[in-house]
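# Results of the structural survey
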Amino acid sequence: AFIHACGAVVMRELKEGEQLRVDTGCVVGFSASVNFDIARVGGIKTSLFGGEGIFFATLTGPGVVWIQSVPFRKFAMKLYGEMPQTQSRESSGSKD
């Protein structure tokens, strides 16, 4: 199997009934015995201006879960911000 994750990956063993709530983008994997549920976080202001994901994953044990410290969307946006930006002809000041 191949797993792609960004940042640090943490393995955590959940006891029977123990819950872990994380951004959905942080979930890398979990064992079959773990119950996985998704719920919306906060209200409309949180959704629009919170700067984080609008959904949380609730993982309920028993079982093992793997979570990552950097959700892929944040990693991708960081890479995009570091990429060279091309300028259009109109904005480059060229007068050909």
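Each remark here, short or long, concerns the structure printed above.
Residues numbered from 1 in each chain as written. Predicted model: local features only at pLDDT ≥ 70, side-chain atom pairs only at ≥ 80, totals over all residues. Heavy atoms only, no water.

Below, the discussion takes up the pattern of salt bridges. Overall, the coordinates contain one salt bridge when judged by the stated rule. Of the charged contacts in the structure, one is a salt bridge between glutamate 18 and arginine 12, with a shortest N-O distance of 2.9 Å. For glutamate 18, a relative accessible area of 24% corresponds to the partly exposed category. (Salt bridge = Lys/Arg side-chain N within 4 Å of Asp/Glu carboxyl O. Buried < 20%, exposed > 50% of the residue type's maximum accessible area, 1.4 Å probe, protein only.)

The subject of this paragraph is a nonpolar patch on the surface. On the surface, Phe30, Phe36, Ile38 and Phe55 cluster together to form a nonpolar patch covering roughly 340 Å² of accessible area. As for its position among the elements, phenylalanine 30 is in strand E3 (residues 27-30). The exposure class of phenylalanine 30 is partly exposed, given its relative accessible area of 34%. (Patch = residues over 30% accessible without salt bridge, like charges linked within 9 Å, V, L, I, M, F, W, Y side chains within 5 Å. Areas by Shrake-Rupley, 256 points an atom, 1.4 Å probe, with all protein chains shown as cover. Helix = DSSP H or I, 4+ residues; strand = E, 2+ residues; numbered from the N terminus.)

To continue, consider the side chain of threonine 60. Examined against the element boundaries, threonine 60 turns out to sit in strand E5 (residues 55-60). In this structure the side chain of threonine 60 is engaged in a polar contact, spanning 3.3 Å, whose partner is the side chain of glutamine 19. Beyond its immediate chain neighbours, meaning those up to four positions away, threonine 60 contacts Leu14, Gly17, Glu18, Gln19, Ser33, Val34 and Asn35. (Polar contact = N/O pair within 3.5 Å; in protein donor to acceptor, adjacent residues only side chain to side chain. Contact = heavy atoms within 4.5 Å.)

Looking now at the nonpolar core. Counting 10 residues, the largest nonpolar core consists of Leu14, Leu20, Val22, Cys26, Val27, Val34, Ala57, Leu59, Val65 and Ile67. Those elements giving two or more residues to this core turn out to be strand E2 (19-23), E5 and strand E6 (63-68). Setting aside residues up to four positions removed in sequence, valine 22 forms contacts with Val27, Phe56, Ala57, Leu59 and Ile67. (Core = buried A, V, L, I, M, F, W, Y, C linked by side-chain atoms within 4.5 Å.)

Okay, the sheet that holds E6 next. Sheet architecture is open: three strands sit in the order E1-E6-E3, paired in antiparallel fashion. Every interior strand has two partners, whereas the edge strands, strand E1 (9-14) and E3, have only one. Averaged over all pairs of adjacent strands, the angle between strand axes in this sheet comes to 20°, irrespective of strand direction. (Pairing = 2+ DSSP bridges. Axes fitted to C-alpha atoms, helices over the stretch in contact; angles between N-to-C directions.)

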